[in-house]
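Descriptive analysis of the structure
Each chain, letter by letter, is given below.
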Amino acid sequence: MSDVREDSPASQGFPLELGEDLARTRDWLHEFAASVIRPVAAEWDEREETPWPVLEQAAKIGLYSLDFYTHQYLEPSGLGIPVVFEELFWGDAGIGLTLAGSTLAVAAVATNGTPDQIAEWCPQMFGGPGEVKLGAFCSSEPDAGSDVGAIRTRAEYDAAHDEWVLNGVKTWATNGGIANVHVVVATVDPALGSRGQANFIVPPGTAGLSMGQKFRKHGIRASHTAEVVLSDVRVPGRCVVGGRERLAERLARVREGGRAGEQAAMRTFETTRPGVAAMAVGVARAAVEYAAEYSRTRVQFGRPIGQNQGVAFMLADMQASVDAARLLTWRAAWMARQGKPFTRAEGSMSKLVAGETAVRVTEQAIQILGGNGYTREFPVERWHRDAKIFTIFEGTSEIQRLIIGRAVTGLDVRLGSLTGVGTRWPEPITRRSNHGASSVLRVRSYPRRRVRSRCRSTPQANSTG
């Protein structure tokens, strides 16, 4: 249910223009991105380290703070967070993700936590000037990426000590291992699959939590991404998000055949998808603006290359795509703020279109710059590397299409269909590989198989959909 009154200005319709306050916020953020983030973006990309000085500068002016993000989240039109993320990621995606990375963990607590949990833990994910802190949301595992139902991290309740005991390994965690507060998705009742999962808050300094492998990534390299290893991690009973009583009621309802509501990780991702889409729009917009300016100043054959139809038409398509992605993002963010359900998967639409637009237009920007675009002397190659993540994290493009397909058709669209007859890949061969003492990454390979022609009427023997 929306907390916006029916007679409020925001409830009157979808806004196509920003209000004065939000426009001023946008300009303020743009100045920070242009004067603070962009000048050091290439350096921190090369160093592949958390840009603590930028975080500190942002904290000093109130940008990196719980109050700021809360104010934007509660902005009546719903466009506060998309505007913030677009400008930060226009500056640089890696640094932008460092500035925004704690918000995913905050969202996990804020969307389902008790008032006491929100008040206690959310401020500890930001800190303040001179004492900057981080939050980390830990969902993915070596064998559970898109398939959140395959999460193996266990949470067992120790009634004698009123503590939850967590064991498992998380991977691809932004701020993982260096955060002050970790929010971990774990299975309480394996028999219930994803419906038996919950989010758990791991307080600062908790014994048994450690950082595993730190990943060296293709893009967003200024953002810290690592494994999080949980070995007999004990947290107070009050640290299950939403409270132990609510969890017990939900599990009992599921065991009796009732509905569980949204799965813990998916509820968080659905909340944040328009924000992630806005990040992609920021990267894409940066590429279009840079390529357009280059086309006006780069002279070949006696005239600016932008006068060539091939370049101008490419830029026209790029600009139209970015504007379309922004409108889809704003629509989803506005709907979420008004409490309108995503009946046609509008959140997934925004992320799908914005993410794939970012990849496409950054590649086109490289093409317009030619050889220059392929070098690190120009930022477009970095933006292209950064853009690819938006088709992968917080739900791959394929997962978004699955969600949208279900909404459009009203049918139970399945993963893994190869030929239209419901065939599946065989189970992968799983082998252990050693990547450090704490790593339990698996390397998967698939045996070769013949895929029958679609014109054959007999389905594969294992065609279970």
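Calculation notes
- Residues numbered from 1 in each chain as written.
- Predicted model: local features only at pLDDT ≥ 70, side-chain atom pairs only at ≥ 80, totals over all residues.
- Heavy atoms only, no water.
- Helix = DSSP H or I, 4+ residues; strand = E, 2+ residues; numbered from the N terminus.
- Buried < 20%, exposed > 50% of the residue type's maximum accessible area, 1.4 Å probe, protein only.
- Contact = heavy atoms within 4.5 Å.
- Areas by Shrake-Rupley, 256 points an atom, 1.4 Å probe, with all protein chains shown as cover.
- Salt bridge = Lys/Arg side-chain N within 4 Å of Asp/Glu carboxyl O.
- Phe/Tyr/Trp six-rings, centres within 6.5 Å; stacked < 30°, edge-to-face > 60°.
- Lys NZ or Arg CZ within 6 Å of the ring centre and 35° of its normal.
- pLDDT = per-residue confidence, 0-100.
- Pairing = 2+ DSSP bridges.
- Polar contact = N/O pair within 3.5 Å; in protein donor to acceptor, adjacent residues only side chain to side chain.
- Axes fitted to C-alpha atoms, helices over the stretch in contact; angles between N-to-C directions.
- Parallel < 35°, antiparallel > 145°, perpendicular 65-115°, else oblique.
- Nonpolar A, V, L, I, M, F, W, Y, C, P; charged D, E, K, R; others polar.
- Core = buried A, V, L, I, M, F, W, Y, C linked by side-chain atoms within 4.5 Å.
- Arc of directions from axis to C-beta.

Some thoughts on the overall build of the protein
- Of the regular secondary structure elements, the protein holds 13 helices and 13 strands.
- Counting the 465 residues in the protein, one finds 51% classified as buried.
- In the protein, 72% of the contacts between residues at least 6 apart in sequence involve partners at least 24 apart.
- Approximately 22,200 Å² of the protein is accessible, and the part contributed by carbon and sulfur atoms is 52%.

Focus: the pattern of salt bridges
- Under the criterion given, the structure shown has 28 salt bridges.
- Taking the shortest distance from any N to any O, the salt bridge between Arg-47 and Glu-49 comes out at 3.1 Å.
- Taking relative accessible area as the criterion, Arg-47 reaches 40% and is therefore assigned partly exposed.
- When its relative accessible area of 36% is taken as the criterion, Glu-49 is described as partly exposed.

Let's talk about the packing of aromatic side chains
- This structure, assessed with the given rule, holds 14 aromatic pairs.
- Between the aromatic rings of Tyr-294 and Phe-378, the centroid separation amounts to 6.4 Å while the plane-to-plane angle is 90 degrees, which identifies the pairing as edge-to-face. With Tyr-294 in helix 9 (residues 264-297) and Phe-378 in the loop between helix 11 (346-369) and helix 12 (380-387), this residue pair connects regions lying 84 residues apart in the sequence.
- Through a chain of ring-to-ring contacts, three or more aromatic side chains come together here, namely Trp-28, Tyr-64, Phe-68, Tyr-69, Phe-85, Phe-89, Phe-126, Phe-390 and Phe-393.
- When the ring centre of Trp-90 is taken as origin, the NZ or CZ atom of Arg-38, which lies over that ring, is 3.5 Å away.
- Here the guanidinium or amino end of Arg-47 rests over the ring plane of Trp-44, the centre of that ring lying 4.1 Å away.

Considerations on the confidence of the model for the protein
- Mean pLDDT over the protein works out to 86, with 83% of the residues at or above the 70 mark.
- Note on residues 1-10: pLDDT is under 50 here. Beyond four places in sequence and across chains, it has 16 contacts.
- When the criterion is pLDDT under 50, residues 417-465 qualifies, and its contacts beyond four places in sequence or with other chains add up to 74 contacts.

With respect to the environment of Arg-285
- Along the chain, Arg-285 turns up in helix 9.
- Along the backbone, Arg-285 and Glu-86 are 199 residues apart, and their C-alpha atoms lie at a distance of 8.5 Å.
- Apart from residues lying up to four places away in sequence, Arg-285 is in contact with His-30, Glu-86, Glu-87, Trp-90, Val-322 and Arg-326.

Some details on the pairing of strand 9 (residues 225-236)
- Bridging between strand 5 (residues 163-174) and strand 9 involves nine bridges; their strand directions are antiparallel. Its bridge partner being in strand 9, Gly-168 is matched across the sheet by Leu-230.
- Judged from the four bridges that link them, strand 8 (residues 209-214) and strand 9 form a sheet pairing that is antiparallel. Looking at strand 9, one finds that Lys-214 is bridged to Ala-226.

Details of helix 5 (residues 93-100)
- Extensive coverage of helix 5 is indicated by the burial of eight of its eight residues.
- Listed in full, the buried residues belonging to helix 5 are Ala-93, Gly-94, Ile-95, Gly-96, Leu-97, Thr-98, Leu-99 and Ala-100.
- N-capping of helix 5 is provided by Asp-92, with a side-chain oxygen placed 3.1 Å from the backbone N of Gly-94.

Remarks on the environment of Ala-325
- With respect to the element layout, Ala-325 can be found in helix 10 (residues 309-338).
- In this structure, the C-alpha to C-alpha distance between Ala-325 and Thr-357, residues 32 residues apart in sequence, is 7.3 Å.
- Among all residues touching Ala-325, those that are not within four sequence positions of it are Val-281, Val-353, Ala-354 and Thr-357.

So, the packing of helix 3 (residues 66-73) against helix 4 (residues 80-91)
- In contact at an axis separation of 6 Å, helix 3 and helix 4 are set at 125 degrees when each is read in the N-to-C sense. Judged by the angle between their axes, helix 3 and helix 4 are oblique. Between helix 3 and helix 4, the contacting residues are Phe-68, Tyr-69, Gln-72 and Tyr-73 on the first element and Gly-80, Ile-81, Val-84, Phe-85 and Leu-88 on the second.
- For the contact of helix 3 with helix 4, a count of residues per class yields seven nonpolar, two polar and no charged.

A word on the pairing of strand 3 (residues 135-138)
- Alternating positions in strand 3 separate into two faces, Gly-135 and Phe-137 on one and Ala-136 and Cys-138 on the other, with burial throughout.
- Both strand 3 and strand 6 (residues 181-187) contribute to a ladder of four bridges, which runs parallel. Considered in strand 6, the bridge of Phe-137 is made with Val-183.

Some words on the side chain of Gln-400
- Checked against the element boundaries, Gln-400 lands in helix 13 (residues 397-409).
- There is a polar contact of 3.4 Å between the side chain of Gln-400 and the side chain of Arg-273.
- With sequence-adjacent residues up to four places away left out, Gln-400 is seen in contact with Arg-273, Ser-348, Lys-351, Leu-352, Glu-394 and Gly-395.

What about the nonpolar core?
- Ranked by internal contacts, the top residues of the largest apolar core, which has 106 residues, are Tyr-69 and Leu-99.
- When residues of this core are assigned to their parent elements, the largest contribution, 14 residues, is made by helix 9.
- Contact partners of Leu-99, with chain neighbours within four places excluded, come to Phe-32, Ile-37, Leu-55, Ala-58, Tyr-64, Tyr-69 and Leu-88.
- Among the nonpolar cores identified, the runner-up in size contains five residues, and Leu-22, Leu-79, Trp-330 and Ala-333 belong to it.

A word on unusual backbone geometry
- Residue Asp-162 is not a glycine yet carries a positive backbone phi of 50 degrees.
- Mapped onto the secondary structure, Asp-162 falls in the loop between strand 4 (154-158) and strand 5.
- Non-glycine residue Ala-345 carries a positive phi angle of around 60 degrees.

With respect to helix 2 (residues 52-60)
- Considered for burial, the residues of helix 2 that qualify are Val-54, Leu-55, Ala-58 and Ala-59. Looking straight down helix 2, one finds its buried side chains confined to an arc of 140 degrees; they lie on one side.
- Where helix 2 is buried, its residues contact helix 1 (20-47), helix 5, strand 1 (127-128) and strand 2 (131-132).

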